[in-house]
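Chain residues, written in single-letter form:
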Amino acid sequence: MVSYYATRNGRLEEVGEREERCWIKLSPPFAADELSSFAEEYSLPLDFLTDPLDTDERSRYEREEDARLIVVNTPVLSRSEVDNEGIYITVPIGIILTTDHLITICSWDQHPVLKLFVENKIRNVNTARRTDFVLRIFEHTVYRFLTCLKRLNVKRNLIEQELYDSSRNRELKQLLSIEKSLVYFINALNGNELLKMKMKRTDFLGIRHDEQQANLFEDIIIDNGQALEMANIYTNILNGTMDAYGSIISNNLNITIQRLTLITIILTVPMVIASFFGMNVQVPFQANQGIWAFLGIIALSIMLSIAVIYYFRRKRMF
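Residues numbered from 1 in each chain as written. Predicted model: local features only at pLDDT ≥ 70, side-chain atom pairs only at ≥ 80, totals over all residues. Heavy atoms only, no water.

A.B. asks: Would you mind going over the overall build of the protein chain in detail, with residue names and values included?
C.D. replies: The helix and strand tally for the protein chain stands at seven helices and seven strands. Of the regular secondary structure in the protein chain, the N- to C-terminal order runs β-β-β-α-α-β-β-β-β-α-α-α-α-α. Expressed as lengths along the three principal axes of its C-alpha atoms, the size of the protein chain is roughly 115 × 40 × 35 Å. For the protein chain, contacts bridging at least 24 residues in sequence account for 64% of all contacts bridging at least 6. (Helix = DSSP H or I, 4+ residues; strand = E, 2+ residues; numbered from the N terminus. Contact = heavy atoms within 4.5 Å.)

Written as structure tokens, this is what we have:
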């Protein structure tokens, strides 16, 4: 599906047909041969359109005659219903700069970063200033990473609260999902950082002599490094948390088994006494068939059970 956007009165608006210096947004579903026809119409290599649709595509840039391709990885909420899958995954956005247009393509139909532009939640966006538009995408991609990292950290803290008295695996599976998300983030942020550093060194966007845009690009690189550092810190904390609470769960289970064992031992005492009086041999109180013999046996069982409980309490086992 192809959508066209242009700046009108300081706002980004969707237009019905292609205009000069407009933003062309490609999003699924794609019709058969739609990408081939689009590439032929705009004189683009087909792989400029197909590579960003691969979720495993690394962050990079490429130049082909007058067309330039930038692939940057961004975080999105996972659509997988598998319990141990990551909460967030990363998908690439392809940004293509031609002589007259800026084109974006992504395999995610409602990408959260591009959605901000479509819904006019970002101010002072001008499609005619293509390099500024690219920097804005980079900027809000980093903000998206930082927001997702904070959400993952809050979720981790909530799971930790539940793990104190838990002996189940559900919470550990949730921590594993967070860990997978952090691994995706670290790989994506590393790739994005290398991409931006190389773009800055080669002046791929041609902004070296524009102080405002150069400073913005520098801030984006710094924020990306901050997000990468946060992801590494959260990963280290999570690894230690999973190890510690794995031991806590095992310890809780051992305590439960120990208590059940002690209860079994205590209940075994009256059972042993009752079994003595059920045997076909001479035992005490056999001659006395009254109620006092029965009560005496019960009292003896209770006294011995209390003695066992007292012993365990003295040993701090119960």
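A.B. asks: So what's going on with the layout of surface pockets? Which residues, and what values?
C.D. replies: The gaps left among the atoms become clear once a water-sized probe is rolled over them. Volume-wise, the largest pocket comes out at about 240 Å³. Taken together, Thr55, Asp56, Glu57, Ser59, Asn73, Ile89, Thr90, Trp108, Tyr184, Asn187, Ala188 and Gly191 make up the lining of the largest pocket. Elements that contribute at least two residues to the lining of the largest pocket include exactly β6 (88-97) and α5 (170-202). If one sorts the elements of the lining of the largest pocket by residue count, α5 sits on top with four residues. By residue class, the composition of the lining of the largest pocket is four nonpolar, six polar and two charged. (1 Å grid on protein atoms, 1.4 Å probe; cavity = no way out; pocket = protein on both sides within 12 Å on 5 of 7 lines; lining within 4 Å. Points joined across faces, edges and corners; volume = space filled by probe spheres on them. Nonpolar A, V, L, I, M, F, W, Y, C, P; charged D, E, K, R; others polar.)

A.B. asks: Can you explain the nonpolar core? Please cite residues and give values.
C.D. replies: Counting 57 residues, the largest nonpolar core has Ile70, Ile95, Phe117, Phe138 and Leu205 as its most contacted members. Mapped by element, the contributors of at least two residues to this core are β5 (67-77), β6, β7 (102-106), α3 (112-118), α4 (130-163), α5 and α6 (211-277). Beyond its immediate sequence surroundings of up to four residues, Leu205 is in contact with Arg68, Ile70, Leu97, Thr131, Val134, Leu135 and Met199. Within the second largest apolar cluster, 19 residues are counted, among which are Cys22, Phe48, Leu69 and Ile105. (Core = buried A, V, L, I, M, F, W, Y, C linked by side-chain atoms within 4.5 Å. Buried < 20%, exposed > 50% of the residue type's maximum accessible area, 1.4 Å probe, protein only.)

A.B. asks: Any details on the pairing of β5? Residues and values, ideally.
C.D. replies: Counting buried positions along β5 yields 10 of 11 residues, so the element is predominantly enclosed. Two strands pair when backbone bridges link them, and strand β4 (residues 60-64) and β5 are joined in this way by five bridges, in the antiparallel orientation. What sits directly across from Arg63, in β5, is Arg68. Counted along the chain from β4 to the antiparallel partner β5, the turn is two residues long, and its residue Glu65 has a positive phi close to 55°. The sheet contact formed by β5 and β6 spans 10 bridges and is antiparallel. Across the sheet, Leu69 pairs through a bridge with Ile96, a residue of β6. (Pairing = 2+ DSSP bridges.)

A.B. asks: Could you give an account of the pattern of salt bridges, with specific residues and numbers?
C.D. replies: Tallied over the full model, the rule gives eight salt bridges. One salt bridge in this structure joins Arg18 and Glu41, with 3.3 Å as the shortest N-O distance. Linking Arg18 in the loop between β2 (11-15) and β3 (23-26) with Glu41 in helix α1 (residues 34-41), this pair joins segments that are 23 residues apart in sequence. Its relative accessible area of 40% is what places Arg18 among the partly exposed residues. Salt bridges linked by common partners bring Asp51, Glu57, Arg60 and Glu62 together as one network. (Salt bridge = Lys/Arg side-chain N within 4 Å of Asp/Glu carboxyl O.)

A.B. asks: Tell me about the packing of aromatic side chains, residues and numbers included.
C.D. replies: What characterises a pair of aromatic rings is the spacing of the ring centres plus the angle enclosed by the ring planes. All chains considered together, the criterion is met by 10 aromatic pairs. With 6.3 Å between their ring centres and 25° between their planes, Phe138 and Phe217 make a pair best called stacked. With a gap of 79 residues between them, Phe138 in helix α4 and Phe217 in helix α6 connect regions that are remote in the sequence. Accessibility classification places Phe138 together with Phe217 in one group, the buried group. Residues Tyr311 and Phe312 carry aromatic rings whose centres are separated by 5.8 Å and whose planes lie at 55° to one another, so their mutual orientation is tilted. Aromatic ring contacts, followed pair by pair, group Tyr5, Trp23, Phe117 and Phe133 into a single cluster. In this structure, Arg68 packs its charged tip against the face of Phe204, placed 5.7 Å from the ring centre. Stacked on the ring of Phe138, the Lys or Arg Lys196 has its end atom at 5.5 Å from the ring centre. (Phe/Tyr/Trp six-rings, centres within 6.5 Å; stacked < 30°, edge-to-face > 60°. Lys NZ or Arg CZ within 6 Å of the ring centre and 35° of its normal.)

Interpretation note: all reported values are geometric properties and have no functional meaning in isolation.
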